[in-house]
Amino acid sequence: VDIRLPSRYSWFDLWTLQPVSSQFKLPVDLDTLPVFIRAGSVLLTKDRLRRSTTAMRDDPLSVLVVLDPKGGAKGESYVDSGDGFGYLKGTDGCQ
């Protein structure tokens, strides 16, 4: 697969955390999903594999911070209860 990422940013492979160039070829197969994260980003993940989001509800969040060349990163998150529409009224969730 030909990969083309915006060249004004630095990029990292999410699985290896190794830097990647903005244009390159990458062999892919059905067992691998290429995912890249931009330098200066903050990514929240749930690391335990589950069969449903209900089972994951109380699992801890992991935070991955990928620093930009100046040593900074920023991001936002929104976490709601996962079982209603309170987010539409602004009564549910935290940032």
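It should be emphasised that the depicted structure is a prediction, and the values quoted were computed from it without experimental measurement.

A. Focus on the overall build of the protein. Helix and strand counts for the protein come out as two helices and seven strands. Secondary structure elements of the protein occur, N-terminal to C-terminal, as β-β-β-β-β-β-α-β-α. Computed over its C-alpha atoms, the radius of gyration of the protein comes to 17 Å, more than 25% above the 12 Å expected for a compact globule of 95 residues. Its C-alpha atoms put the protein at 45 × 35 × 20 Å along the principal axes. Burial status across the protein gives 18% buried among its 95 residues.

B. Here's a closer look at the nonpolar core. Ile3, Leu5, Trp11, Phe24 and Phe36 together form the largest nonpolar core, which totals five residues. Residues within four places of Trp11 in sequence aside, it is in contact with Leu5, Pro6, Gln18, Pro19, Val20, Phe36, Ile37 and Arg38.

C. View of a nonpolar patch on the surface. Together, Val42, Leu44, Leu61, Val63, Val65, Leu67 and Val79 make up an exposed nonpolar region whose accessible area comes to about 540 Å². Those elements giving two or more residues to the nonpolar patch turn out to be strand 6 (41-45) and strand 7 (62-66). The topology assignment puts Val79 in the loop between strand 7 and helix 2 (86-89). A relative accessible area of 35% places Val79 in the partly exposed class.

The rules we used
Residues numbered from 1 in each chain as written. Predicted model: local features only at pLDDT ≥ 70, side-chain atom pairs only at ≥ 80, totals over all residues. Heavy atoms only, no water. Helix = DSSP H or I, 4+ residues; strand = E, 2+ residues; numbered from the N terminus. Rg over C-alpha atoms; globule rule 2.2 N^0.38 Å. Buried < 20%, exposed > 50% of the residue type's maximum accessible area, 1.4 Å probe, protein only. Core = buried A, V, L, I, M, F, W, Y, C linked by side-chain atoms within 4.5 Å. Contact = heavy atoms within 4.5 Å. Patch = residues over 30% accessible without salt bridge, like charges linked within 9 Å, V, L, I, M, F, W, Y side chains within 5 Å. Areas by Shrake-Rupley, 256 points an atom, 1.4 Å probe, with all protein chains shown as cover. Salt bridge = Lys/Arg side-chain N within 4 Å of Asp/Glu carboxyl O.

Structural measurements only, silent on function.
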